[in-house]
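Residue-level structural notes
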Amino acid sequence: MKRSVKTLLASAFAVAAASTVAFFALPASAEAAAFTVTNSWDSGYQGEITVSNGSSSTIGTWKVELTLPAGSTIAQSWNTTPAVSGQTITFTPAGWNASIAGGASTSFGFVVNGTGRPTACTVNGQACTGLTSAIPSATVPSSSTPTAAPASPKPSATTTSASPTPAPTSTGTTPLAINGQLKVCGVNLCNAAGKKIQLRGVSSHGIHWFPSCYTGAALDALATDWNADLFRIAMYVQEGGYESDPSGLTGKVNSLVDMAEARGMYALIDFHILNPGDPSYNLTRAKEFFAKVAARNATKKNVIYEIANEPNGVSWATIKSYAEQVIPVIRANDPDGVVVVGTRGWSSLGVSEGSSSTEIINNPVNAANVMYAFHFYAASHKDNYRAEVTKAAASLPLFVTEFGTVSASGDGAVDTTSTDAWLDLLDKLKISYANWNFGDKSEGSSILKSGACGGGTFSGTGPLTESGRLIRSRIRTADDF
Ligand code: IDC
């Protein structure tokens, strides 16, 4: 069941009104600003709160306290710093949005696990107001911490929720024509019309190593013979990748984006960090790279950004800090692109380093329109990883940006039973995925037989390995778009 923000907020207001507590506010211009960020589904919903300064002087900071009924919890939030105590969540500014000029406002958003709407809301200790009108509410009392400091500029990168997206205009039948600009909706990926979708496709091997595998004929076969929705462009950063040839590889990525677009496929731009595992090591490179590709591809609807393939040996806090520095660079150039953030322990949601998704759920990336990467190799990662994904998927938008049918080494025998169990689970949860790898190196994870790329034939099962045949048979079935 989907409801617009107005309906959602109206329900929240009704609950709040019944308990004589005023609640959320839509600013006068909210019709355009608010409804892209809100959704509801069977097990939860997404909300937004606008804090407005109704006075003529600047306020220095703000604090919103929200109480949820038992059984409902905050899963993630953005543009704010949440602190949870029992059923009450105290939202304070993310930093840059603390100060609000007279007459101005700022918004933050959150996802609730559970369907219970908030039962209480205060802003700077005063009951939130304005629930029945379209006038800005949650108005901060003018007496609160006035300051002469100018309001912080609202960086479009983080204050603006994903902008309203028109329904796809193309009448074509490709994945891109049907779905248009994607956005994160609650814990799912949605198309421009708001439908939850799953993208299924493949990942390249390192694009700097196997250029003959990423030709027009190869992408034709993926689009028309495989019915692939997604092509992941794996651009290694080390091992002779981006750090050795930044402009050459940026150009190669852009041209593969165009080739995918021309064939109606989504392109996942993968900043393939691996060794060293601390993404901060490549922070400057990442900012430089993503500024360029986001600016160049801003008007395209087929681009998804993956900012860190596999962080390893670093804390979630370090990864989150990296993400919160790279995402604003992307947003400044391409405000509505979905961004996928790598997770701890080779994008295992932390499991491979003895942690779990709880560290992300409790401390999500402070940005909207973000998903979290999970990677698995079917012969190495089995039931305990599947259980973690099942649990995490209830709270976090997940994207399997890379997986293999073999062991984590990328080589060895195909584990068909485990691969099928994984893909059945991902289908059920509508989690998008890309298989490692569409390449012809002599290793078990290759989709193409050794040397096949040089032959120039990519369609059918002739050029495929055992892994390639299995993956093609899964991907080419009808999509539920
Ligand atoms: C592997 C390739 C292999 C290459 C190696 C170099 O399959 O040919 O020599 O990288 O770094 C990952 C990584 C991915 C790995 C893959 C298999 O994202 O780069 O590719 N893997 O080891 N994570 C888990 C497995």
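A brief look at the structure comes next. Note that the coordinates shown come from a computational prediction; the quantities given were computed from them, not determined experimentally.

A separate point is the site of the ligand. Near the ligand, the surroundings consist of 15 residues, among which Y236, E239, H272, E310 and K441 are the closest. Taking S409, its main chain carries an N or O atom lying 3.1 Å from an oxygen atom of the ligand. Burial of the ligand by the protein amounts to 83% of the accessible area it has alone, namely 500 Å². Classifying every residue of the shell around the ligand gives five nonpolar, five polar and five charged.

We now examine the state of the cysteines. A full pass over the atoms with the stated rule returns two disulfides. Between the sulfur atoms of C185 and its disulfide mate C190 the distance is 1.9 Å. Where C185 bonds to C190 through sulfur, the torsion about that S-S bond is close to 75 degrees, and the disulfide is right-handed. Across this residue pair, the class does not change: C185 and C190 are buried. Two residues share a disulfide in this structure: C213 and C453, whose sulfurs sit 2.0 Å from each other.

It is worth spelling out the packing of aromatic side chains at this point. Inspection of the entire model under this criterion finds 19 aromatic pairs. Consider the rings of F289 and F290, whose centres lie 5.0 Å apart with planes at 70 degrees: the pair is edge-to-face. Among the residues examined, F289 registers a relative accessible area of 0% and is labelled buried. Their ring planes at 75 degrees and their centres at 6.2 Å tell us that F290 and Y305 sit as a pair that is edge-to-face. Within this pair, whereas F290 is found in helix α7 (residues 283-296), its partner Y305 is found in strand β16 (residues 303-306), the two being separated by 15 residues in sequence.

We now examine the sheet that holds strand β3 (residues 64-67). Ordered in space as β5-β6-β3-β8-β9, the five strands form an open sheet in which the pairing is antiparallel. Unpaired on one side and paired on the other, β5 (80-85) and β9 (126-127) mark the two borders of the sheet. In the sheet, β3 pairs with strand β8 (residues 120-123) via four bridges, with the strands oriented antiparallel. In the strand pairing of β8, T67 is matched with A120.

Moving on, we come to the pattern of salt bridges. Per the counting criterion, the structure on display carries 22 salt bridges. Its salt-bridge partner being R474, residue D427 comes within 3.1 Å of it at the nearest N-O pair. Of the two residues, D427 is situated in helix α12 (residues 416-429) and R474 in helix α14 (residues 466-475); the sequence distance between them amounts to 47 residues. Accessibility expressed as a relative area gives 29% for D427, which makes it partly exposed. K430 serves as the salt-bridge partner of D480, at 2.9 Å between the closest nitrogen and oxygen. Placement of the pair is D480 in the segment after α14 and K430 in the loop between α12 and β20 (433-438), with a sequence separation of 50 residues.

Turning next to the nonpolar core. Ranked by internal contacts, the top residues of the largest apolar core, which has 82 residues, are F271, F290, I307 and V341. In terms of residues, this core owes the most to one element, helix α8 (residues 316-333), which gives seven residues. If sequence neighbours within four positions are ignored, V341 has contacts with I307, W316, I319, A323, I327, V365, V370, M371, Y372 and A373. Listed in part, the 18 residues of the second largest apolar core include W62, L68, F91 and C121.

Turning to helix α11 (residues 383-392), its buried residues are Y385, R386, E388, V389 and A392. Take α11 and look down its axis: the buried residues cluster within an arc of 160 degrees, on one side only. Where the residues of α11 are buried, they touch β18 (370-377), β19 (398-404) and α12.

Along α14, seven of the 10 residues are buried, which leaves the element largely enclosed by surrounding structure. Every buried residue of α14 is accounted for by S467, G468, L470, I471, R472, R474 and I475. The inward-facing, buried residues of α14 contact β13 (200-204), α5 (216-225), β19, α12 and β20.

On the secondary structure map, A478 appears in the segment after α14. A sequence separation of 251 residues divides A478 from N227, and the C-alpha atoms of the two residues are 8.2 Å apart.

Within the secondary structure layout, S445 lies in the loop between β20 and α13 (452-455). A distance of 2.7 Å separates the side chain of S445 from the backbone oxygen of G410, its partner in a polar contact. Setting aside chain neighbours within four positions, we find S445 in contact with V406, G410, W436, N437 and S467.

Moving on: the packing of α11 against α12. Axis angle and axis distance: for two packed helices, these are the angle between their axes and the distance between the axes, and together they describe the pair. At a minimum axis separation of 11 Å, α11 and α12 run at an interaxial angle of 5 degrees. Between α11 and α12, the crossing angle belongs to the class labelled roughly parallel. Contacts from Y385, R386, V389 and T390 of α11 reach α12 at S418, A421, W422, L425 and L429. Of the residues contributing to the contact of α11 with α12, the split by class is six nonpolar, two polar and one charged.

Here the focus is the sheet that holds β13. Spatially, eight strands are ordered β13-β14-β15-β16-β17-β18-β19-β20 in a closed barrel, and the strand pairing comes out parallel. Here the average twist between neighbouring strands, direction ignored, is 30 degrees. Bridging between β18 and β19 involves five bridges; their strand directions are parallel. Paired with F376 across the strands is F403, a residue of β19. With respect to the sheet, helix α6 (residues 246-262) is in contact with β14 (230-236), β15 (266-272) and β16, its orientation differing from that of β14 by roughly 175 degrees.

The rules behind the values
- Residues numbered from 1 in each chain as written.
- Predicted model: local features only at pLDDT ≥ 70, side-chain atom pairs only at ≥ 80, totals over all residues.
- Heavy atoms only, no water.
- Near = heavy atom within 4 Å.
- Polar contact = N/O pair within 3.5 Å; in protein donor to acceptor, adjacent residues only side chain to side chain.
- Areas by Shrake-Rupley, 256 points an atom, 1.4 Å probe, with all protein chains shown as cover.
- Nonpolar A, V, L, I, M, F, W, Y, C, P; charged D, E, K, R; others polar.
- Disulfide = S-S within 2.5 Å.
- Buried < 20%, exposed > 50% of the residue type's maximum accessible area, 1.4 Å probe, protein only.
- Phe/Tyr/Trp six-rings, centres within 6.5 Å; stacked < 30°, edge-to-face > 60°.
- Helix = DSSP H or I, 4+ residues; strand = E, 2+ residues; numbered from the N terminus.
- Pairing = 2+ DSSP bridges.
- Salt bridge = Lys/Arg side-chain N within 4 Å of Asp/Glu carboxyl O.
- Core = buried A, V, L, I, M, F, W, Y, C linked by side-chain atoms within 4.5 Å.
- Contact = heavy atoms within 4.5 Å.
- Arc of directions from axis to C-beta.
- Axes fitted to C-alpha atoms, helices over the stretch in contact; angles between N-to-C directions.
- Parallel < 35°, antiparallel > 145°, perpendicular 65-115°, else oblique.

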